[in-house]
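Structure at a glance
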Amino acid sequence: MRTVRRSALIDRPIPEPSALPRRAPLPAHHPDPVLDVVVPVYNEEHDLEPCVRRLHAHLGETFPYAFRITIADNASTDGTPRIAARLAAELPGTGWIRLDEKGRGRALYTAWSRSRAPVLAYLDVDLSTDLAALLPLVAPLISGHSDIAIGTRLARGSRVVRGPKREIISRCYNGLLRSTLAVGFSDAQCGFKAVRRDVAERLLPLVEDREWFFDTELLVIAERAGLRIHEVPVDWVDDPDSRVHILSTALADLRGMARLGRALACGRLPLTALRRSGGDLDGHLPAGLVRQVVRFAAVGAASTLCYLLLYTVLRPATGAQAANALALLASAIANTAANRRLTFGVRGRGGALRHHLKGLTAFLIGLALTSGSLAVLHLGAPGAGRRAELVTLIAANLAATLLRFLLFRAWVFPARRTTGPSAP
């Protein structure tokens, strides 16, 4: 038994990691345990023993590699530590650690950080998820196909038994994640996940939450970094004795979303350095077009409002053409900077001057379109008022925005391709 004290879990400064190497399958004859399944527990003296014995028997019968089970007791006050110690002594390949503080995320962070198994997983002690999904969960990680695997109760093929209250809460939570953080995975909360250790070593120092939001934060960061997340439909039966406090957990999750959203928007996470390198196929795929279009549109809407406000303020003093040029220049600089970080994921100062110079070229094209539209309007309708000017400029800006997106994607911020030799 190992006790982990609070001082061992103090948040460290976020490091700047190197790129992940190419994924590779694990050898068929691996000498050490390939899989470490963590069971986080708090006051689970009734469920712990049947869970671990059932899990151990299932792995012994179905898993083709050596395995390990780690009971992570986070500050239980009942008989859980005594039962965990007895199970660790009786069942081969079973161990336990005890933490001085509560928190499922804290338990997973500690157990995964200390494990040397190449594949790390966890499941809830109530075994709501059918263990038949465990091998399909970890197989893509063992084969080198994926970086993270998650069980999902919300995908086609899943079979779920639970009340309407929890069903609605779960769907609302995952819908909120998709609308606020633009995630692509379907179920962030299912207590049935696995990750390759080389990925966990890079991701864990970036995850701040140590409670229920831990899973979500890890998945969002991984997805934003371009890591591959595999989803497995599961059979899941709700535990009526669940001790999760829904209101306090929901409020903590909302705070976590806001914090993570700010960190992503401000570029505080080293996502680029987490992407695969060395010839992995992921390094050759351009960023998702749909997601880029959505973010580019959001930035474009904000910069268009800024442009129209500046034009309206400057028009009386400078005239239409000068007001258009000045407003478009200011909004174009801000637009390039925002798209550089938010849409195309470029961080740091490297290449910033080149990007802005190319962005100014796109600005000149937009200036030609909008100024030309104004000139045509004034030529064809010399008495046109401010409303007609604004309508014309909005239409011209839409055309300029589409052209600017194409230029940004193909020329200003082209998708980076790995041309060096593959990693061994």
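Treat the numbers as computed from the prediction; the structure is a model and nothing was measured.

Describing the overall build of the chain
Helix and strand counts for the chain stand at twelve helices and ten strands. Here the contacts in the chain between residues at least 6 apart in sequence split such that 80% fall between residues at least 24 apart. Entry remark: accessible area of the chain is about 20300 Å², with carbon and sulfur atoms responsible for 62%.

With respect to unusual backbone geometry
A positive phi angle, close to 50°, is found at Asn43, a residue other than glycine. Looking at Asn43, the relative accessible area reads 15%, which means it is buried. Phi angles above zero are rare outside glycine, and Ala75 is one such case at about 65°. Tracing the backbone shows Ala75 in the loop between β3 (67-74) and α2 (80-90). Its relative accessible area of 15% is what places Ala75 among the buried residues.

Looking at the nonpolar core
Within the largest apolar cluster, 45 residues are counted, with the highest numbers of intra-cluster contacts made by Trp112, Ile148, Phe185, Leu203 and Ile221. Of all the elements in the fold, those that place two or more residues in this core are β4 (94-99), α3 (104-114), β5 (119-123), β6 (148-152), α5 (164-181), α6 (197-203), α7 (214-224) and α8 (246-265). The element that contributes the greatest number of residues to this core is α7, accounting for six residues. Setting aside chain neighbours within four positions, we find Phe185 in contact with Ile150, Leu177, Arg178, Leu219, Val220, Glu223, Ile229 and Glu231. The next biggest cluster of nonpolar side chains, apart from the first, holds 40 residues, and it includes Val41, Leu127, Cys190 and Val232.

Regarding the packing of helix α10 (residues 320-343) against helix α12 (residues 386-412)
For the pair α10 and α12, the least separation of the axes is 13 Å and the interaxial angle reads 35°. Where α10 crosses over α12, the handedness of that crossing is right-handed. Of the residues in α12, those touching α10 at Ala320, Asn324, Leu328, Asn335, Thr336 and Asn339 are Glu389, Leu393, Asn397, Arg404 and Phe408. Of the residues contributing to the contact of α10 with α12, the split by class is four nonpolar, five polar and two charged.

Details of the confidence of the model for the chain
The predicted model of the chain averages 83 in pLDDT, with 87% of residues at 70 or higher. Of all helices and strands in the chain, the one with the weakest mean pLDDT is strand β1 (residues 2-4) (50), whereas β5 scores best (98). The low-confidence segment residues 4-15, where pLDDT is below 50, has 22 contacts with residues more than four positions distant or belonging to other chains. In this model, residues 416-424 is a region of pLDDT below 50 whose contacts with residues beyond four sequence positions or in other chains number 14 contacts.

Conventions used here
- Residues numbered from 1 in each chain as written.
- Predicted model: local features only at pLDDT ≥ 70, side-chain atom pairs only at ≥ 80, totals over all residues.
- Heavy atoms only, no water.
- Helix = DSSP H or I, 4+ residues; strand = E, 2+ residues; numbered from the N terminus.
- Contact = heavy atoms within 4.5 Å.
- Areas by Shrake-Rupley, 256 points an atom, 1.4 Å probe, with all protein chains shown as cover.
- Buried < 20%, exposed > 50% of the residue type's maximum accessible area, 1.4 Å probe, protein only.
- Core = buried A, V, L, I, M, F, W, Y, C linked by side-chain atoms within 4.5 Å.
- Axes fitted to C-alpha atoms, helices over the stretch in contact; angles between N-to-C directions.
- Left-handed = near helix turned anticlockwise from the far one by under 90°.
- Nonpolar A, V, L, I, M, F, W, Y, C, P; charged D, E, K, R; others polar.
- pLDDT = per-residue confidence, 0-100.

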